[in-house]
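Single-letter residue listing:
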Amino acid sequence: MQDLIHKLESTNNLQRSEYKSLLLCDDKYLHERASTTREKIFGNKIYMRGLIEFTNYCKCDCYYCGLRHSNKTVQRYRYTKEQILECCAHGHELGFRTFVLQGGEDSFFTDEILVDIIQSIKTGYPDCAITISLGERSLESLKLLRVAGADRYLLRQETSSANHYSQLHPPNMNLKSRQDCLWNLKSLGFQVGCGFMVGTPGQTLDHIVDDFLFIKELDPAMVGIGPFIPHSETPFAGEKRGNLALTLNIVAILRLMKPNLLLPSTTALGNIHPKGREMGVLAGANVVMPNLSSPETQGKYQLYDNKSHIGDKPAQFRDRIAKQMAAIGCEVVVSRGDYAE
Ligand code: SAM
Ligand code: SF4
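Treat the numbers as computed from the prediction; the structure is a model and nothing was measured.

Calculation rules
Residues numbered from 1 in each chain as written. Chains lettered and ligands numbered in written order. Predicted model: local features only at pLDDT ≥ 70, side-chain atom pairs only at ≥ 80, totals over all residues. Heavy atoms only, no water. Axes fitted to C-alpha atoms, helices over the stretch in contact; angles between N-to-C directions. Helix = DSSP H or I, 4+ residues; strand = E, 2+ residues; numbered from the N terminus. Parallel < 35°, antiparallel > 145°, perpendicular 65-115°, else oblique. Left-handed = near helix turned anticlockwise from the far one by under 90°. Contact = heavy atoms within 4.5 Å. Nonpolar A, V, L, I, M, F, W, Y, C, P; charged D, E, K, R; others polar. Core = buried A, V, L, I, M, F, W, Y, C linked by side-chain atoms within 4.5 Å. Buried < 20%, exposed > 50% of the residue type's maximum accessible area, 1.4 Å probe, protein only. Near = heavy atom within 4 Å. 1 Å grid on protein atoms, 1.4 Å probe; cavity = no way out; pocket = protein on both sides within 12 Å on 5 of 7 lines; lining within 4 Å. Points joined across faces, edges and corners; volume = space filled by probe spheres on them. Polar contact = N/O pair within 3.5 Å; in protein donor to acceptor, adjacent residues only side chain to side chain. Pairing = 2+ DSSP bridges. Right-handed = clockwise from strand over helix to strand, strands pointing away. Phe/Tyr/Trp six-rings, centres within 6.5 Å; stacked < 30°, edge-to-face > 60°. Lys NZ or Arg CZ within 6 Å of the ring centre and 35° of its normal. Areas by Shrake-Rupley, 256 points an atom, 1.4 Å probe, with all protein chains shown as cover.

Draft legend 1. Quick look at the packing of helix H5 (residues 111–124) against helix H6 (residues 139–148). Taken N-terminus to C-terminus, the directions of H5 and H6 make an angle of 20°; their axes are 8 Å apart at the nearest point. Between H5 and H6, the angle is such that the two are roughly parallel. Judged by the twist between their axes, the crossing of H5 over H6 is right-handed. Note on element contacts: H6 touches H5 through Ser141, Leu144, Leu145 and Ala148, opposite Asp111, Leu114, Val115, Ile118, Gln119 and Lys122. Its residues assigned to classes, the contact of H5 with H6 comprises six nonpolar, two polar and two charged.

Right, here's the structure in full:
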């Protein structure tokens, strides 16, 4: 296995069968090399992003997600501009220099409303980066958000197989329009984040290799990888959650494939194992995203069952993650943490 790991390190590329062997390997050396690569590029610094879950309304019906439109048990909420700005003010005091505005595909947030919010954040906090994560939007809409000052956009492709995509989404959603949106984001100069869940129903190792090949082609700044975790009020309620070891191997392979990538150690990873976040960093991840949302709404933003630390204040989130990182010799830093080619 070490030969394969060295080959990936030196060429950033493998054959399909070689990727599949690495995905299944239980050699700690893979994580060690990924962690060493992270240290070579970023030292012991871990970038921190403040997540603002500002709307849980969603017009989509993704089969895996607790916020899906058909889940009538969700108490829906959306923040006002003032509430979003309050989260930013508090986050800025706590040292955050990136705000991630995330939510469902909520038609209330028109281009005009979002442009106003983005411009207000940029005026109040010119030293901060803004990341948007609101699902698919048209090229025209994305252009307006970019011009208003949005720096980054997160949109996971979820899978790179059209057939698998159709097993995860209703017929009105398709892989082509998701991928087109990712290419549009790149053409507009956004730092783009893509990614996928690990262990979604029907996912095979070949699908994961297809995702690696898509990521190579897209060349994103960031890739979000987290285990799929079932939600009781979705069609996937009875499905198994994603596997921890496989998730960590994917993080490690991505670090060796693309050494300068921004790779979050995701909340979902922290959710399936008490030391999941630390394990993610030790497998090569270099970004954490504490929650800046109001403790009152955190319980209403449940993508999957048993979301942890609901009701924690932003300072508690930040302190807990900073401690977890310190325990493995890493330091969360106050910086925008932009992608460097
Ligand atoms: N609505 C936007 C979108 O879909 O891109 C942004 C918010 S959405 C909740 C963010 C991500 O959550 C999705 O891309 C998906 O990968 C992840 N997610 C949704 N349901 C999940 C689940 N049951 N387990 C793990 N991750 C999940
Ligand atoms: Fe909506 Fe995003 Fe959940 Fe799909 S994953 S239902 S788009 S919030």
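Draft legend 2. Focus on the nonpolar core. Ranked by internal contacts, the top residues of the largest apolar core, which has 93 residues, are Ile250 and Leu254. The leading source of residues in this core is helix H10 (residues 244–257), at nine residues. Once you skip the residues sitting within four places of it in the chain, Ile250 turns out to touch Leu23, Phe196, Val198, Ile208, Phe212 and Ile225. Formed by twelve residues, the second largest nonpolar core is a distinct cluster that contains Leu51, Val100, Ala221 and Met289.

Draft legend 3. Quick look at the site of ligand 2. Residues in contact with ligand 2, as listed here, are Cys58, Cys60, Cys62, Tyr64, Cys65, Arg68 and Gly104. Taken together, the residues that form the shell around ligand 2 break down as five nonpolar, one polar and one charged.

Draft legend 4. Spatial organisation of the layout of surface pockets. Counted as a void, the second largest pocket has a volume near 280 Å³. Every residue lining the second largest pocket is listed: Cys25, Asp26, Asp27, Lys28, His31, Glu32, Ala245, Leu248, Asn249, Met279 and Leu282. Of all the elements in the fold, those that place two or more residues in the lining of the second largest pocket are helix H3 (28–42), H10 and helix H12 (276–282).

Draft legend 5. Structural view of the side chain of Arg137. For Arg137, the position within the fold is in the loop between strand S4 (129–133) and H6. Engagement of the side chain of Arg137 in a polar contact is seen with the side chain of Asp111, the distance being 3.0 Å. A polar atom in the side chain of Arg137 sits 2.9 Å from the side chain of Ser141. In contact with Arg137, other than residues within four places in its own chain, are Phe109, Thr110, Asp111, Leu114, Leu142, Leu145, Tyr153 and Cys181.

Draft legend 6. Spotlight on the pairing of strand S2 (residues 50–55). Among the six residues in S2, six count as buried, and that is most of the element. Here S2 pairs with strand S3 (residues 98–103) via five bridges, running parallel. Bridged to Glu53 within S3 is Gln102. Viewed along the sheet, the connection from S2 through helix H4 (residues 81–93) into S3 turns out right-handed.

Draft legend 7. A look at the packing of aromatic side chains. Considering all chains together, one arrives at nine aromatic pairs under this definition. The interplanar angle of 80° and the centroid separation of 5.1 Å between the aromatic rings of Phe108 and Phe109 together place this pair among those described as edge-to-face. On the basis of relative accessibility, which here comes to 40%, the residue Phe108 falls in the partly exposed class. Ring centres of Tyr153 and Phe190 lie 6.0 Å apart, and the angle between their planes is 85°; this geometry places the pair in the edge-to-face category. In this pair, Tyr153 is assigned in strand S5 (residues 152–154) and Phe190 in the loop between helix H8 (175–187) and strand S6 (191–198), connecting sequence segments 37 residues apart. Each member of the pair Tyr153 and Phe190 is classed as buried. Ring pairing ties together the aromatic residues Phe54, Phe108 and Phe109, which thus form one cluster. Positioned above the aromatic ring of Tyr57, the side-chain terminus of Arg78 is 3.9 Å from the ring centre. Over the ring of Phe317 we find Arg320; its NZ or CZ atom is 5.0 Å from the centre of that ring.

Draft legend 8. Structural view of the sheet that holds S3. An order of S2-S3-S4-S5-S6-S7 is seen for the six strands of this open sheet, with the pairing classed as parallel. Each having just a single partner strand, S2 and strand S7 (222–227) make up the two edges of the open sheet. Within this sheet the neighbouring strands show an average axis-to-axis angle of 20°, counted without direction. With respect to the sheet, H8 is in contact with S5 and S6, its orientation differing from that of S6 by roughly 155°.

Draft legend 9. Quick look at the site of ligand 1. Around ligand 1, the surrounding shell holds 17 residues, and the nearest of these are Tyr64, Gly103, Arg156, Glu158 and Ile229. Between Glu158 and ligand 1, the recorded distance is 2.5 Å, taken from a side-chain N or O atom to an oxygen atom. At 3.3 Å from a nitrogen atom of ligand 1 is found a main-chain nitrogen or oxygen belonging to Leu303. Across the complex, the protein chains shield 92% of the 550 Å² of accessible surface that ligand 1 would expose by itself.

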